[in-house]
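Chain by chain, the residues:
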Amino acid sequence: MRVRTAWISDIHLGTPGCQAPALLDFLRDLECDTLYLVGDIVDGWQLKRSWYWPQAHNDVVQKILRKARKGTRVVFVPGNHDGFARRYVELSFGGVEVVEDCLHQTADGRMLWVTHGDLFDGIVQHARWLAHVGDAAYTLALELNRWFNRARSHFGLPYWSLSGYLKHKVKRAVSYIDDFETVLAHEARRRGAHGVVCGHIHHAEIRTIDGILYCNDGDWVESLTALVEHADGRLEIVRGGRPQLPPATAAVPAAEPEPAATV
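Please read all numbers here as calculations on a predicted model, not as lab measurements. (Residues numbered from 1 in each chain as written. Predicted model: local features only at pLDDT ≥ 70, side-chain atom pairs only at ≥ 80, totals over all residues. Heavy atoms only, no water.)

## What to know about the sheet that holds strand S1 (residues 2-8)
Short version of the rule: We call two strands paired when DSSP finds no fewer than two bridges between them. Secondary structure follows DSSP: runs of H or I at least 4 residues long count as helices, runs of E at least 2 residues long count as strands, and numbering of each begins at the N terminus. Throughout, a contact is declared for two residues whenever any of their heavy atoms are within 4.5 Å. Fitting a line to C-alpha atoms yields each axis, with helices limited to the stretch in contact; the angle taken between N-to-C directions then spans 0 to 180 degrees.
Overall, mixed pairing links the 7 strands, which are arranged S4-S5-S3-S2-S1-S11-S12 in an open sheet. Two strands close off the open sheet at either side, each with one partner strand: strand S4 (92-93) and strand S12 (235-239). Sheet topology note: the strand S2 (residues 31-37)/strand S3 (residues 73-76) ladder contains 4 bridges and is parallel. Bridged to Tyr36 within S3 is Val75. The strands touched by helix H1 (residues 20-29) within the sheet are S1, S2, strand S11 (225-229) and S12, with S1 carrying the most contacts at an inclination of about 150°.

This is the structure:
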């Protein structure tokens, strides 16, 4: 896949839920002038609790660094789970630029503000303990997913996401996502941008909010999505595969992904 720009976020390296093999396949196929890492690339919260770092996670880091060495501009915007990197803003490591946030101009002249989004999440900013509780609940949901989908695989059923279901069906979760998207869009307008690209809530989306383009590149834990800009400035959400089950069930066919959104 040859594109002008790509945005990925919420990889969560250092957690069992990270879909590193699928991301590696995606990165091998991806050619772009600029690659934005839009936060939560490494999960510092999880690594503080217990160390988990298989070879595939190291391979992802090496692949990104190799792209930087070969001429791809790589820009890292830290998130809440890798907030430790914010102390290194304006520095460069292995060709990877670290920035608090930034503006990106598309080929058709639109200015997009790039931010992880956690700084505009009231729970993360004002109730950090609750954010950690939510993170633990999400980790539990992923673990339950593994057991539940192992049972589904015996009946030939495709992967089903518990956390994804809750995001779309629980009224408070839907309201939280909508409020988050609206706040980011309004902040982009205040900054004079035509739109915003963010991550954080693990919900890939391209839509217009009060005349401002809102783009979320999703995650590499369940949805396995990225945002890309084509040579003409067109933006599209692309999917890099489906979440992998444990080895014993990985061969079970998965459901076909929904058509990608474009703008």
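This is not the end of the story, as more comes after the structure.
## As for the packing of H1 against helix H3 (residues 55-69)
Put simply, the test is: Angles are sorted into four bins: roughly parallel if under 35 degrees, roughly antiparallel if over 145, roughly perpendicular if 65 to 115, and oblique for all others. Helix crossings are classified by the rotation of the near helix relative to the far one: an anticlockwise turn of less than a right angle makes the crossing left-handed, while a clockwise turn makes it right-handed. Nonpolar residues are Ala, Val, Leu, Ile, Met, Phe, Trp, Tyr, Cys and Pro. Charged residues are Asp, Glu, Lys and Arg, and all others, Gly as well, are polar.
With their axes 9 Å apart at the nearest point, H1 and H3 run at an angle of 20° to one another. On the basis of their axis angle, the class for H1 and H3 is roughly parallel. For H1 against H3, the interelement crossing comes out left-handed. Contact residues: Ala20, Leu23, Leu24, Leu27 and Arg28 in H1; Ala56, His57, Asp59, Val60, Lys63, Ile64 and Lys67 in H3. Among the residues forming the contact of H1 with H3, the class breakdown is 7 nonpolar, 1 polar and 4 charged.

## A short note on the sheet that holds strand S10 (residues 212-216)
One open sheet accounts for 5 strands, arranged S6-S7-S8-S10-S9; its pairing is mixed. Each of the sheet's edge strands pairs with one partner strand only, and the pair in question is strand S6 (102-105) and strand S9 (205-209). Averaged over neighbouring strand pairs, the angle between their axes works out to 25° when direction is ignored. Pairing between S9 and S10: 5 bridges, direction antiparallel. Bridge pairing in S10 places Glu205 opposite Asn216.

## Examining the side chain of Thr225
In this structure, Thr225 sits in strand S11. Not counting chain neighbours up to four residues away, the residues in contact with Thr225 comprise Ala204, Asp217, Gly218, Asp219, Trp220, Ile237, Val238 and Arg239.

## Observations concerning H1
Defined as follows: Only protein chains enter the area calculation, which uses a 1.4 Å probe; residues under 20% of their type maximum are buried, those over 50% are exposed, and those in between are partly exposed.
Residues of H1 that are buried include every one of Ala20, Ala22, Leu23, Leu24, Phe26 and Leu27, and no others. Where the residues of H1 are buried, they touch S1, H3, S11 and S12.

## Let's talk about H3
Test applied: Here the expected span of a helix is defined as 1.5 Å times the quantity of residues minus one. An arc is given here, and it is the one of the directions from the helix axis to the C-beta atoms.
For H3, with 15 residues, the first-to-last C-alpha span of 21 Å sits near the 21 Å given by 1.5 Å per residue. Those residues of H3 that fall on the buried side of the exposure criterion are His57, Val60, Lys63, Ile64, Lys67 and Ala68. On an axial view of H3, the arc spanned by its buried residues comes to 140°, and they lie on one face. Looking at H3, the residues exposed on the side facing more than 90 degrees away from the buried face are Gln55 and Arg69. Packed against the buried residues of H3 are H1, S2 and S3. Directly beyond the C-terminal end of H3, a positive phi value near 115° is found at Gly71.

## Side note on the pairing of S12
In terms of burial, S12 is a largely internal element, 4 of the 5 residues being buried. Two strands pair when backbone bridges link them, and S11 and S12 are joined in this way by 5 bridges, in the antiparallel orientation. Within S12, the residue paired with Val228 across the bridge is Glu236. Between S11 and S12, which pair antiparallel and follow one another directly, the connecting turn spans 5 residues, one of which, Gly233, has a positive phi of 95°.

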